[in-house]
Amino acid sequence: MQTAGKPGGFFITFEGPEGGGKSTQVHRLAAALADQRYSVWTTREPGGTRVGEMIRPILLGRGQAPMTPWSEALLFTAARAQHVVEVIRPRLERGEIVLCDRYTDSTMAYQGYGRGLDLETLRRLQSEATGGLQPDLTLLLNLPVETGLSRIPRLARDRLDRETAAFHQRVRAGYQEMAAADPRRWREVDAAAAEDQVAKDIFRLVSEGLQQAGVRPVQRRSA
Ligand code: TYD
């Protein structure tokens, strides 16, 4: 495994079951941090690079091409490998705060706990594909499966949204298990609360994390 060192900056990932409002909250947090003069970059998975955006419709498109669980896991991971090298690591190396909508924990939750692929094999695969790059902080936007799915209009549902309720329950339980196993990295947020409340909770948790890590806003240049 490539054991590249921690590149600096601060890497925050947003995770959780469907309908938790992650993308809205990523953008709200980015705006709040930019207001405080932090240098922030937002991105998402699968995506964030040209290769990633080409892989995205294979995984999430409406086409009904059957896909094995390993095909699915490897495509998500392929997009991620590209994303780390092209976007995440370079931004962190410049000292930026990178906000990423889903990352390795999504593969563990959906393809591991949800589809039943071997967790240890998946974990090693994630480690290889990312050069061991782990988030500094992971926000679990947690909410009951039924509440989350009811927020997604039927026609807007992608291939994974359309999975059974039992699948989504396994995903959610997987997230809770991972968060409980590593409380240093994970912070749980009640995503069933009102959007403004969720944004406040996230901002407070992130501010604490940045303070603990000694990450400071960009200094204003003196005239
Ligand atoms: P997305 O369009 O990001 O929307 P949302 O996160 O709001 O649902 O959908 C990504 C979907 O892909 C989502 O159902 C979770 C799934 N997914 C995986 O199954 N494995 C992964 O590794 C990633 C990144 C996402």
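Everything here concerns the structure above.
Residues numbered from 1 in each chain as written. Predicted model: local features only at pLDDT ≥ 70, side-chain atom pairs only at ≥ 80, totals over all residues. Heavy atoms only, no water.

### Description of the sheet that holds strand β4 (residues 137-142)
Strand order in the open sheet formed by 5 strands is β2-β3-β1-β4-β5, with parallel pairing between adjacent strands. Both outer strands of the open sheet, β2 (40-44) and β5 (186-190), are each paired with one neighbouring strand and no more. Direction aside, the axes of adjacent strands within the sheet are offset by 20 degrees on average. Sheet strands touched by helix α8 (residues 195-213): β1 (10-15), β3 (97-101), β4 and β5. Its angle to β5, the strand with the most contacts, is close to 165 degrees. (Pairing = 2+ DSSP bridges. Helix = DSSP H or I, 4+ residues; strand = E, 2+ residues; numbered from the N terminus. Axes fitted to C-alpha atoms, helices over the stretch in contact; angles between N-to-C directions. Contact = heavy atoms within 4.5 Å.)

### What about the packing of helix α4 (residues 104-114) against helix α7 (residues 165-181)?
The N-to-C vectors of α4 and α7 enclose an angle of 130 degrees; their axes lie 8 Å apart at closest approach. In this view, α4 runs oblique relative to α7, as classed from their interaxial angle. The crossing of α4 and α7 is right-handed. Here Asp-105, Ser-106, Met-108, Ala-109, Tyr-110, Tyr-113 and Gly-114 of α4 come into contact with α7, specifically with Phe-167, Arg-170, Val-171, Gly-174, Tyr-175, Glu-177 and Met-178. (Parallel < 35°, antiparallel > 145°, perpendicular 65-115°, else oblique. Left-handed = near helix turned anticlockwise from the far one by under 90°.)

### What to know about the site of the ligand
Lining the immediate environment of the ligand, one finds 14 residues, of which Glu-18, Arg-56, Arg-102, Thr-107 and Gln-111 sit closest. Here Arg-102 contributes a side-chain N or O atom positioned 2.6 Å from an oxygen atom of the ligand. Among the secondary structure elements, those contributing two or more residues to the shell around the ligand are α2 (50-60), α3 (69-93) and α4. Sort the elements by how many residues they give to the shell around the ligand and α4 lands first, with 4 residues. The class makeup of the residues in the shell around the ligand is 4 nonpolar, 3 polar and 7 charged. (Near = heavy atom within 4 Å. Polar contact = N/O pair within 3.5 Å; in protein donor to acceptor, adjacent residues only side chain to side chain. Nonpolar A, V, L, I, M, F, W, Y, C, P; charged D, E, K, R; others polar.)

### Comments concerning the pattern of salt bridges
One pass over the full model with this rule turns up 13 salt bridges. For the salt bridge of Asp-182 with Arg-185, the shortest nitrogen-to-oxygen distance reads 3.7 Å. Given a relative accessible area of 22%, Asp-182 falls into the partly exposed group. Shared partners join several salt bridges into a network, and the residues in it are Glu-72, Arg-115, Arg-159 and Glu-163. (Salt bridge = Lys/Arg side-chain N within 4 Å of Asp/Glu carboxyl O. Buried < 20%, exposed > 50% of the residue type's maximum accessible area, 1.4 Å probe, protein only.)

### Here we look at the nonpolar core
Counting 22 residues, the largest nonpolar core has Ile-12, Phe-14, Ile-97, Leu-99, Leu-139, Ile-202 and Val-206 as the members making the most contacts within it. If you list the elements that add at least two residues to this core, you get β1, α1 (22-35), β3, β4 and α8. Among the elements that line this core, the one with the most residues is α8, at 5 residues. Ala-109, Tyr-113, Phe-167 and Met-178 belong to the second-largest nonpolar core, a separate cluster that totals 20 residues. (Core = buried A, V, L, I, M, F, W, Y, C linked by side-chain atoms within 4.5 Å.)

### Some remarks on the pairing of β1
Summarising burial for β1: 6 of the 6 residues are buried, a large majority. Side chains of β1 alternate between two faces, with Phe-10, Ile-12 and Phe-14 and Phe-11, Thr-13 and Glu-15 buried alike. Direction of pairing for β1 relative to β3: parallel, over a ladder of 5 bridges. Bridged to Ile-12 within β3 is Leu-99.

### So, the layout of surface pockets
Its boundaries defined by the atoms lining it, the largest pocket holds a volume of some 630 Å³. If you go around the largest pocket, you meet 28 residues; those closest to its centre are Lys-22, Glu-45, Arg-56, Asp-101 and Arg-102. Only α1, β2, α2, α3 and α4 provide two or more residues apiece to the lining of the largest pocket. Here the residues of the lining of the largest pocket are counted per class, giving 8 nonpolar, 10 polar and 10 charged. Estimated volume of the second largest pocket: approximately 350 Å³. (1 Å grid on protein atoms, 1.4 Å probe; cavity = no way out; pocket = protein on both sides within 12 Å on 5 of 7 lines; lining within 4 Å. Points joined across faces, edges and corners; volume = space filled by probe spheres on them.)

### What to know about α2
Buried within α2 we find Gly-52, Ile-55, Leu-59 and Leu-60. Down the axis of α2, the buried side of the element spans an arc of 115 degrees, and every buried residue falls inside it. Opposite the buried face of α2, at more than 90 degrees from it, the exposed residues are Arg-50, Met-54 and Pro-57. In this structure, the buried residues of α2 make contact with α3. (Arc of directions from axis to C-beta.)

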